[in-house]
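Letter by letter, the chains look like this.
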Amino acid sequence: MLIKDDLDNGDNVLNVGGELLHHDKCICIGRNTMRLTRLYISFFVYHATSQSLLRFASPDHDVQAISSESEQNDAEHMASHGAQSSFVPLETTEQSSVSPFRVVGQSGVPAMAAALMPNGNVVFIDKVENYTQLVLDNGQYAYSSEYNLTSNTAHGLGYQTNAFCSGGSFLADGRLVSVGGNGPLPDIDPTVGDGFQGIRYLERGAYYGDWYEPGHTLSTPRWYASVQMLQGKELFVASGSLNGLDPMRSENNNPTFEILDQDGIPATGSIILPILSDNQPYYMYPFLHLLKNGHLFIFVSRSAEVYNPYDLTTSRQLPNLPGAYRTYPNTGGSVILPLSKKNDWEPEIMVCGGGAYADISSPADRTCGRIQPLSENPEWHMEEMPEPRVMVEGLLLPDGKVLWLNGARRGAQGFGTAQEPCFGAFIYDPEQPTGSRWALEGTSDIPRLYHSVALLLLDGTVMVAGSNPMEQPLLEPNYNSPATAYATEFRVEIYTPPYLLGANASKRPQNIQLSQVDLIADGESFFISFTSTANATDLKIALYHGGFVTHSLHMGQRLIYLDHEGFAPGFDEQFVSVFMPPSSSISPSGPYVIYVVLDGVPGLGQFVMVR
Ligand SMILES: [Cu+2]
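Predicted model only: the values in this text are computed from it and were never measured.

Visitor: Sorry if this is basic, but what is going on with the overall build of the chain here?
Guide: Each helix and strand counted, the chain has five helices and 43 strands in total. Residues counted as buried form 55% of the 611 residues belonging to the chain. In the chain, 60% of the contacts between residues at least 6 apart in sequence involve partners at least 24 apart.

Visitor: Would you explain the sheet that holds strand β11 (residues 226-229) in this entry?
Guide: Adjacent strands of a sheet form backbone hydrogen bonds with each other and so pair up, either parallel or antiparallel. Reading across from one edge, β11-β12-β13-β14 is the order of the four strands in this open sheet, with antiparallel pairing throughout. Each edge of the sheet is formed by a strand with only one pairing partner; in this case those strands are β11 and β14 (271-272).

Visitor: Please clarify how unusual backbone geometry should be interpreted in this entry.
Guide: Glycine aside, residues mostly have negative phi, and peptide bonds are mostly found in the trans state. The residue after Q280, namely P281, is reached through a cis peptide bond having omega 5°. In this fold, P281 is placed in the loop between α5 (274-277) and β15 (287-290). A positive phi angle, close to 60°, is found at D344, a residue other than glycine. One can find D344 in the loop between β20 (339-340) and β21 (349-352). With phi around 50°, H551 is a residue other than glycine that occupies positive phi space. Looking at the element boundaries, H551 is found in the loop between β37 (548-550) and β38 (553-555).

Visitor: What exactly am I supposed to notice about the environment of A267 here?
Guide: Considering the arrangement of structural elements, one finds A267 in the loop between β13 (256-260) and β14. By the C-beta count within 10 Å, which is 14 here, A267 ends up partly exposed. In the structure, A267 is positioned 49 residues away from L218 in sequence and 9.4 Å away in space, judged by C-alpha atoms. Look past the residues within four positions of A267 in its chain and what remains in contact with it is E234, I259, L260 and D261.

Visitor: Explain the pairing of strand β7 (residues 153-157) here, please?
Guide: The side chains of a regular strand alternate, first on one face of the sheet and then on the other. Pairing geometry for strand β6 (residues 144-148) and β7, over five bridges, is antiparallel. Bridged to E146 within β7 is H155.

Visitor: So what exactly am I meant to see when it comes to the nonpolar core here?
Guide: Among soluble globular proteins, nonpolar side chains are generally buried collectively. Formed by 160 residues in total, the largest nonpolar core has its most connected members in A114, V237, L455, V462 and M463. Element by element, the count of residues in this core is highest for strand β41 (residues 590-598), at seven residues. Those residues within four positions of M463 in sequence are excluded, and the remaining contacts are V122, A454, L455, L457, V492 and I494.

Visitor: For this particular structure, what's the right way to read the sheet that holds β37?
Guide: Pairing is antiparallel in the open sheet, where six strands are placed in the order β7-β6-β5-β4-β37-β38. Each edge of the open sheet carries a strand with a single partner, namely β7 and β38. The mean inter-strand angle of the sheet, taken between neighbouring strand axes irrespective of direction, is 20°. Bridge analysis of strand β5 (residues 122-125) against β6 gives four bridges, and the strand direction is antiparallel. Within the sheet, the bridge partner assigned to V123 lies in β6 and is E146.

Visitor: Where do I start with the environment of S151 in this structure?
Guide: As for its placement among the helices and strands, S151 is situated in the loop between β6 and β7. Taking C-alpha positions, S151 is 9.5 Å from V104, a pair spaced 47 residues apart along the chain.

Visitor: How do you make sense of the confidence of the model for the chain when you look at a structure like this?
Guide: Regions with low pLDDT should not have their predicted coordinates read in detail. Overall, the prediction assigns the chain a mean pLDDT of 86, with 84% of residues at 70 or greater. A low-confidence stretch, residues 1-96 (pLDDT under 50), is modelled with 150 contacts involving residues beyond four sequence positions or located in other chains.

Visitor: Mind showing me how you'd approach the environment of E493 here?
Guide: As for its placement among the helices and strands, E493 is situated in strand β32 (residues 491-495). As for E493 and V104, which are separated by 389 residues in sequence, their C-alpha atoms are 5.7 Å apart. Once you skip the residues sitting within four places of it in the chain, E493 turns out to touch F101, R102, V103, V104, S444, I446 and V464.

Procedures and definitions
All residue numbers refer to positions counted from 1 along the written sequence of the respective chain. A pLDDT threshold of at least 70 governs which residues receive local features in this predicted model, and a stricter bar of 80 or more applies before side-chain atom pairs are shown or counted, although totals over entire chains, interfaces and linings include all residues. A helix here means a DSSP run of H or I that spans at least four residues, while a strand means a run of E at least two residues long, and both kinds are numbered starting from the N terminus. Counting other C-beta atoms within 10 Å of a residue's C-beta gives its exposure: the residue is buried at 20 or more, exposed at 12 or fewer, and partly exposed in between, where C-beta atoms are placed from the backbone. Distance between backbone-placed C-beta atoms decides contact: two residues are in contact if it is within 7 Å. A pair of strands is treated as paired once DSSP finds two or more bridges between them. Put simply, a nonpolar core is a cluster of buried Ala, Val, Leu, Ile, Met, Phe, Trp, Tyr and Cys residues tied together by C-beta atoms within 7 Å. Axis lines are fitted to C-alpha atoms, over the contacting stretch for helices. Their N-to-C directions set the angle, which ranges from 0 to 180 degrees. A score from 0 to 100, pLDDT tells how confident the predictor is in each residue.

Spelled out as structure tokens, the structure:
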């Protein structure tokens, strides 16, 4: 197996099974040598892949089967492990006849929050309530589930404290954490306790089971907290309500942040974060993005700043974003656009949508703003979505575009407070000139309102789930009132972006193999081989982290384009050196997916860990 320590920086020597291989030659010279190299690569990829799968395998997977089939092609490989391929090529590019949305299963619980786990399954998180589709062994309803994309089935996961409107993040070691929540509801379920200060861990690896809560608690109660990993692997946990009561009364509010260490254990008390206290009652679920200087972009209400979490200062005040409110309860979406060395990792944030006030009659905002917070004179560049939306969420796609979907034209977050759902999937291309960036690429017929999610899957498709706009699940809509006209939604949809539709389905890079699955953000290289049947001319290698998705926020989501060398356009077999970013402020630790993207068409993603 190739390990990073085997790389001799001076000579690019690889130690492969005891043999020394001078790798600089393999990269720089012709195809014949490359084919030979591929044999060696296959050798150590076999071991690397096996170890990776063993590490992430669940006990219900057959270890023998996993370790024996590393040589299968990617599609078979994914399908056999729950590191699934849910992709089914569509026969036509005519979207009028074939919708890119299709229902594949039931989420088991309402999908208030979701994350793609390193075993290829999606975990859903919801709140204590009087009905879900799954019952645990203790006879109570499950409020969390693990969805297997191969079988399209969900099974229930237990938790100990109410995760209602929690925030979350992955830890550096690949565990998922959910933080904060709401109080117990003993009349509904006496087995689940107070979650206001809860810290819940979910591990998929050696440990395989329910959420576990060893008893660490946040320093103060937080309902609607946001989380972002810092470059030192700590989690920055910000905001929240102390008690779930009226946020117009400041004594109910918690405009502070605290730090969890790399194990997700509380490391500080709660520290006032002025941008939150200044913006009450619009202070919950702030948008957080980690910038290349290690500071945080923080956005709440209409206000934005760059904050230094180490010396507790605002390092830069940013201009207000014009338009309506952008965060809870009038949440829009926010993404940090793809980062690359080409643009010196310069961060650019895009915020879209929002609303005017916390009521079902509130109009939604159609404007978006883009800002480079570390530039010399940061300012918002405004543009418009094709329609106004609240609860719209942005997903980075492997081809560098942004998918904006879900939400409504009117209303706000909360129970029974939205109407006029938006069904269209908008693709936004940040590289195009203003005026030609937006395209409608498919329409669903399922409303996705409060407590809905969307997330990018390994195969490059997008899962869309949830919508539970009632305090207790409503199985049939009641059209007597707009507030009750939208039922709790359990249907799981897969959305296929244009890059995999029609003829593109056959252009995917195949047989993708990585020289290592443990990576470090140190600027060093690793190797990727793949085959291509198309005469592709453009190669991108995307390092993607999906993060923790809830309430239109994608906490921690980022996409980094990695520099590469050795791509030979026109050849079927490819072997490239790929360079990691130079700093964990650009790619903080945790589980990522690598997508090989040829002429805009992604191959099956490969899980890696950035250490
Ligand atoms: Cu909520």
